[in-house]
Amino acid sequence: MRQAKITAYAKINLVLDVLRKREDGYHEVAMVMQAVDLSDTIRLKEADRNWITTNNRHIPMNMNNLAMRAVTLMQREFPGKVPKIEVSLEKHIPVSAGMAGGSTDCAGVMLGINKMCNLDLTRKELELLAAQLGSDIPFCIGGPTALATGRGEIIEPLPDCPELHLVIVKPPFGISTPKVYGNLRADEIVEHPDVQACIRGLEAKDKQRILDAMGNVLEESTFELQPKVKTIKNGMSACGAKHVLMSGSGPTVFAAFAEKAEAEVYYNQLKPQYPGAILTRTVNKEQLEERVDLYDQRT
Ligand code: C5P
């Protein structure tokens, strides 16, 4: 049996709109999602039992971990083809951040098992399986730029985003996604972001149009629950960024720039105030295609 090493990228939402609350309790969304160059490293190898090791003490080291739920899902779906697996998870993506850290690890495990065990599932087939485990996971199977609709699980690839440069601040606390959605009054949203404008910007490879279309209707709900996120967003704008947005349900906030040099100057200005700030950029298709690496297991 071969081993797999997977680079699992984080995401941001360039646009996150909520259309309505559904009868099943979820919210109907329209989101432009974008993979970013901040990643966890996952290693998979055949073992005599399923287990997980990680360098991060905030990750549950048990079968509730999304990465492990991906292992058991694949074993259940493909009996006899997927052996017991040891997952080693090297975390770099902030946890409970609104950057799909758990979802991308889950997707990474599914992609790794697909290749390692020669299952030959298509991206669509993997996305359908992934939707059973969480709304953001199908995007993490595909990407790097996509429109997500439904509860977030219906993915349509979009043209690659021209390279944007990002400065990311993850506050030292997490926020619960169900609470943020639960606190949202979807029928009272007055200003919806223009998802189509963002898509047109992507089609035209027009960075300015993409930046101008950025928006996230969950911001107000998160700000109500955790006013410090609003303080951070205001602080980041005041430091000289024109395009600042919360990612997903938060609490991570990012500033986006068309030019690398602009982002670097801003990053150096912001660093004294937010020492944990991260400077990164968007990921393109070429980079994403190289994320699963197979090699032979030494016994
Ligand atoms: O699908 P996932 O497990 O990631 O969703 C976590 C929670 O976030 C859901 O149980 C629901 O409360 C909320 N949610 C929602 N609408 C969505 C996605 C998530 O209300 N589109």
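Residues numbered from 1 in each chain as written. Predicted model: local features only at pLDDT ≥ 70, side-chain atom pairs only at ≥ 80, totals over all residues. Heavy atoms only, no water.

1. Some words on helix H6 (residues 195-203)
The cut-off we apply is this: The classification of residues rests on relative accessible area computed with a 1.4 Å probe and restricted to protein chains. Under 20% of the type maximum is buried, over 50% is exposed, and intermediate values are partly exposed. Numbering of helices and strands starts at the N terminus; helices are DSSP runs of H or I of at least 4 residues and strands are runs of E of at least 2. For the purposes of these results, a polar contact is taken to be a pair of N or O atoms within 3.5 Å, where, inside protein, one atom must be able to donate a hydrogen and its partner to accept one; residues adjacent in sequence count only when each atom of the pair is a side-chain atom.
For H6, the complete set of buried residues consists of Val195, Ala197, Cys198, Ile199, Gly201 and Leu202. The N-cap of H6, judged by a side-chain oxygen 3.3 Å from the amide nitrogen of Gln196 a few residues on, is Asp194. Positive backbone phi, approximately 55°, marks Lys205, located one or two places after H6.

2. Digging into the site of the ligand
This is how the line gets drawn: Whether a residue is near a molecule or strand depends on its heavy atoms: if one lies within 4 Å, it is near. For every accessible area listed, the method is Shrake-Rupley and the probe measures 1.4 Å; residues are considered covered only by the protein chains on display. Side-chain classes are defined by residue name, with Ala, Val, Leu, Ile, Met, Phe, Trp, Tyr, Cys and Pro counting as nonpolar, Asp, Glu, Lys and Arg as charged, and the others, Gly among them, as polar. Domain delimitation follows an automatic or database domain assignment.
In the vicinity of the ligand, the contacting residues are Gly25, Tyr26, His27, Val29, Gly134, Ser135, Arg151, Thr177, Pro178 and Tyr181. Here an oxygen atom of the ligand and a side-chain polar atom of His27 are 2.8 Å apart. The backbone of Arg151 places a nitrogen or oxygen atom 2.8 Å from a nitrogen atom of the ligand. Burial of the ligand by the protein amounts to 72% of the accessible area it has alone, namely 450 Å². If you list the elements that add at least two residues to the shell around the ligand, you get strand S2 (27-46) and helix H5 (177-182). With three residues, the single largest contributor to the shell around the ligand is H5. Considered class by class, the residues forming the shell around the ligand number four nonpolar, five polar and one charged. Each of two domains, domain 1 (2-158) and domain 2 (165-281), supplies a minimum of three residues to the shell around the ligand.

3. Description of the domain arrangement of the chain
Quick reminder of the rule: The contact criterion used is simple: two residues touch if any of their non-hydrogen atoms lie within 4.5 Å. Once two parts are brought into contact, the accessible area they lose, counted with a 1.4 Å probe and summed over both, makes up the buried area. Within this document, salt bridges are pairs made up of a side-chain nitrogen of Lys or Arg and a carboxyl oxygen of Asp or Glu, the two lying within 4 Å of each other.
For the chain, the assigned domains are domain 1 (2-158) and domain 2 (165-281). For domain 1 and domain 2, the distance between their C-alpha centres works out to 23 Å. Listed as interface residues are 26 residues of domain 1 and, on the opposing side, 33 residues of domain 2. Taken together, both faces of the contact between domain 1 and domain 2 bury some 2,300 Å²; the carbon and sulfur share is 69%. Taken together, the links from domain 1 to domain 2 amount to one salt bridge. Where domain 1 packs against domain 2, one counts 10 residue pairs in polar contact (both at pLDDT 80 or more). For the side of domain 1 that touches domain 2, the elements supplying multiple residues, two or more each, are strand S1 (2-21), S2 and strand S5 (145-150).

4. Structural notes on the packing of aromatic side chains
Rules: In this analysis, rings of Phe, Tyr and Trp, with Trp reduced to its six-membered ring, are considered paired at centre separations within 6.5 Å, and the interplanar angle assigns stacked below 30 degrees, edge-to-face beyond 60, and tilted for intermediate values. Only when the NZ atom of a Lys or the CZ atom of an Arg is both within 6 Å of the ring centre and within 35 degrees of the ring normal do we say a charge sits over the ring.
Per the stated rule, a full pass over the model turns up one aromatic pair. Consider the rings of Phe257 and Tyr266, whose centres lie 5.0 Å apart with planes at 50°: the pair is tilted. Comparing Phe257 with Tyr266 shows no difference in burial state: the two are buried. Sitting over the face of the ring of Trp51, Arg49 holds its NZ or CZ atom 4.8 Å from the ring centroid.

5. Examining the environment of Glu259
Here Glu259 is to be found in the loop between strand S10 (253-257) and helix H10 (260-270). Expressed as a C-alpha distance, the spacing of Glu259 and Ala213, which sit 46 residues apart in the sequence, is 17 Å.

6. Details of the pattern of salt bridges
Oppositely charged side chains are able to pair whenever their charged atoms sit close together. For the coordinates displayed, the defined rule picks out 16 salt bridges. Note that Arg281 and Asp37 form a salt bridge whose closest N and O atoms lie 3.3 Å from each other. Of the two residues, Arg281 sits in strand S11 (residues 278-281) while Asp37 sits in strand S2, which places them 244 residues apart along the sequence. Residue classification places Arg281 among the partly exposed residues on the basis of a relative accessible area of 25%. Where Glu224 meets Arg185, a salt bridge forms, and the shortest distance between an N and an O atom there is 3.3 Å. You can see Glu224 sitting in helix H8 (residues 219-225) and its partner Arg185 sitting in the loop between H5 and H6, a full 39 residues away along the chain.

7. A word on the side chain of Ser135
Position of Ser135 among the secondary structure elements: in the loop between helix H3 (123-130) and helix H4 (137-141). Within the local environment of Ser135, its side chain forms a polar contact with the side chain of Arg151, the two groups lying 2.9 Å apart. In contact with Ser135, not counting residues within four places along its chain, are Tyr26, Arg151, Gly152 and Glu153.

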